[in-house]
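If you want the building blocks of each chain, they are given just below.
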Amino acid sequence: MLIASTDPLAFNLLPFITTIVVFSVVAIALGVFVWPKILKGLDDRNAKILHEIESAEAARAVAAAKQKEFEQKLAEALEQAAQMIREAKSEAVRMGDEIRAKSEADLAERARRAGEEIENARRAAIAELESHAATLAVSIAGRILKREINPADQKRMIEESMAGMSTMSGSSKRN
Amino acid sequence: MSVFLASESDPIGHIVDKGILGFKLFDQPVMLSMITLIGCAIVLFFLMRKAAKSIATGPVAMGNRRFIPIGSFAALVEVVVVYLRNEMLIPVMGERLTKRYLSFLLSLFFFILALNIVGLIPFVDIQDAIYGLMGKKFDIAEHETSAIFGGAATASISVTGGLALVSFIVIQFQGFRELGVKGWLEHLCGGHELVHGSIFLWLVVPIIFVVEFFGLFVKPAALAIRLFANMVAGHTLLITLTMFGAMAIKAGLGIFAVGGITIVSGIGAILITFLEVFVAVLQSFIFMFLTAVFISLMAHEEEEGHSAHGTDEGHDASVTTAAH
């Protein structure tokens, strides 16, 4: 049926052929100028998104590794600090002990020296006392004898007295 | 207005394809659907080209913004393309066949969609109204129209038949390319296992051959009839609803009755228009999707997993359409 009809089921060859030709032309035109651009745009975007996701995941992995490394270093630093503190405490204790020992030694030395000085002073005082006592005894003895004693006698008597006192003091010390 | 009111009593007459008054080609009237087809093709091409420019990756100077589509229409096209490719075609046809036929299938979908959407816009009535306002009167026959563009092209069996023939050619091209002549004949006889199987299985081969051979033509014919029938049914309902007011006037009813009928039928027509927009998209999708299923049925057996899945969905889609 090649003429126009009011029957909706009527088949008309001209629109039939026109449809095939027009659709073929538009499909080719869209296939050449439109779909490749659209599909390439979509594929580019997919690739970009995929790349960004992969980059983000790689960056996250690097960050995680860095964080782990940092935490490890921090732990090491904390351990090192604790070690240093322990060493410093130990050193302080050691130095304290050393200073104390040195002080004690110094104090002992000073005490020893003081003892020696006291002993020396005591001896000197005793010697002086003995000398004065001898002089006094000679003087008294001279007065008793009513005679002048010359220096030579005096010296001899003193020495005799000293010797006698030394003997006496030695016997008194032993007693 | 006389032309507009002339079809009051015949909704089908309003929908059917008509010859354009005064235009002839090879002594045959140039049909309104032919001009609509060409107009839709041109508009579709330029619209899609604009969308393609927006979706395509821009220059490097734009930075990351070069990957973002510009404009809502481009974004809509992108969503549809991505959905059809990733969610519908690849699961049915597989990556290889989808890559090969995606361009054809997308063109088929958008072309039918453009024709269906244009069919919903009353271009013919608008032109008739303009002629009426200008006082132009035409001496036209029942199968002619003074309009030069518009009408529901997909409500013509000639148009849907043409589209189905293109699908048929592509489906058979895929069959011969993929299976070869021998494989194609084996496919018609029930497949390799059946042909090379037991001698008793040969008893069913003639039956399968007859069914498959007729199936070759029935499948595209079903595509054509489904699209045509849905468009005719929807438009008939829509036209009938819009004509109720004019029919009430003709029947000589009072002003309140005419007003009431017009308001109610007008609201009904608006609601049906929304439904028709949905049907326009759905039918475009079904035509394209079933073509994809039929193409995938002509693939090698290792890809029949996709095909079988697709056949079920195609069946579901057919059921949905039949229900409509």
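Residues numbered from 1 in each chain as written. Chains lettered and ligands numbered in written order. Predicted model: local features only at pLDDT ≥ 70, side-chain atom pairs only at ≥ 80, totals over all residues. Heavy atoms only, no water.

Trainee: Help me understand the confidence of the model for chain B in this model?
Mentor: Low-pLDDT portions of the prediction should not be read for the details of their coordinates. All names here are of chain B. In the predicted model, chain B carries a mean pLDDT of 83, and the fraction of residues at 70 or more is 89%. The spread of mean pLDDT over the elements of chain B runs between helix H10 (residues 304-323), the lowest at 42, and helix H4 (residues 72-120), the highest at 93. Note on residues 1-7: pLDDT under 50 across the span, and eight contacts to partners over four residues away in sequence or across chains. Segment residues 304-324 is flagged for pLDDT under 50; beyond a separation of four residues in sequence, or across chains, it makes 29 contacts in the model. (pLDDT = per-residue confidence, 0-100. Helix = DSSP H or I, 4+ residues; strand = E, 2+ residues; numbered from the N terminus. Contact = heavy atoms within 4.5 Å.)

Trainee: Would you take a moment to explain the sheet that holds strand E1 (residues 19-25) of chain B for this structure?
Mentor: Across a sheet, paired strands are connected by hydrogen bonds in the backbone, their directions being either parallel or antiparallel. Residue and element names in this part refer to chain B. If you walk across this open sheet you meet the three strands as E2-E1-E3, and the pairing is mixed. With one partner strand each, in any of the chains shown, strand E2 (28-31) and strand E3 (144-145) form the two edges of the open sheet. Here E1 pairs with E2 via three bridges, running antiparallel. Among the inter-strand pairings, Leu25 is bridged to a residue of E2, identified as Gln28. (Pairing = 2+ DSSP bridges.)

Trainee: When you look at the packing of aromatic side chains in this model, what are you seeing that I'm missing?
Mentor: Two descriptors summarise a pair of aromatic rings, namely the distance from one centre to the other and the angle between the planes of the rings. Within the structure shown, the criterion is met by 13 aromatic pairs over all chains. Look at Phe23(A) and Phe104(B): their rings are 6.0 Å apart centre to centre, the planes differ by 75 degrees, and that puts the pair in the edge-to-face class. With Phe23(A) in helix H1 (residues 13-33) and Phe104(B) in helix H4, the pair connects residues from two separate chains. Of the residues examined, Phe104(B) reaches a relative accessible area of 13% and is grouped as buried. The residue whose ring lies beneath Arg49(B) is Phe33(A), and the NZ or CZ to ring-centre distance is 5.7 Å. (Phe/Tyr/Trp six-rings, centres within 6.5 Å; stacked < 30°, edge-to-face > 60°. Buried < 20%, exposed > 50% of the residue type's maximum accessible area, 1.4 Å probe, protein only. Lys NZ or Arg CZ within 6 Å of the ring centre and 35° of its normal.)

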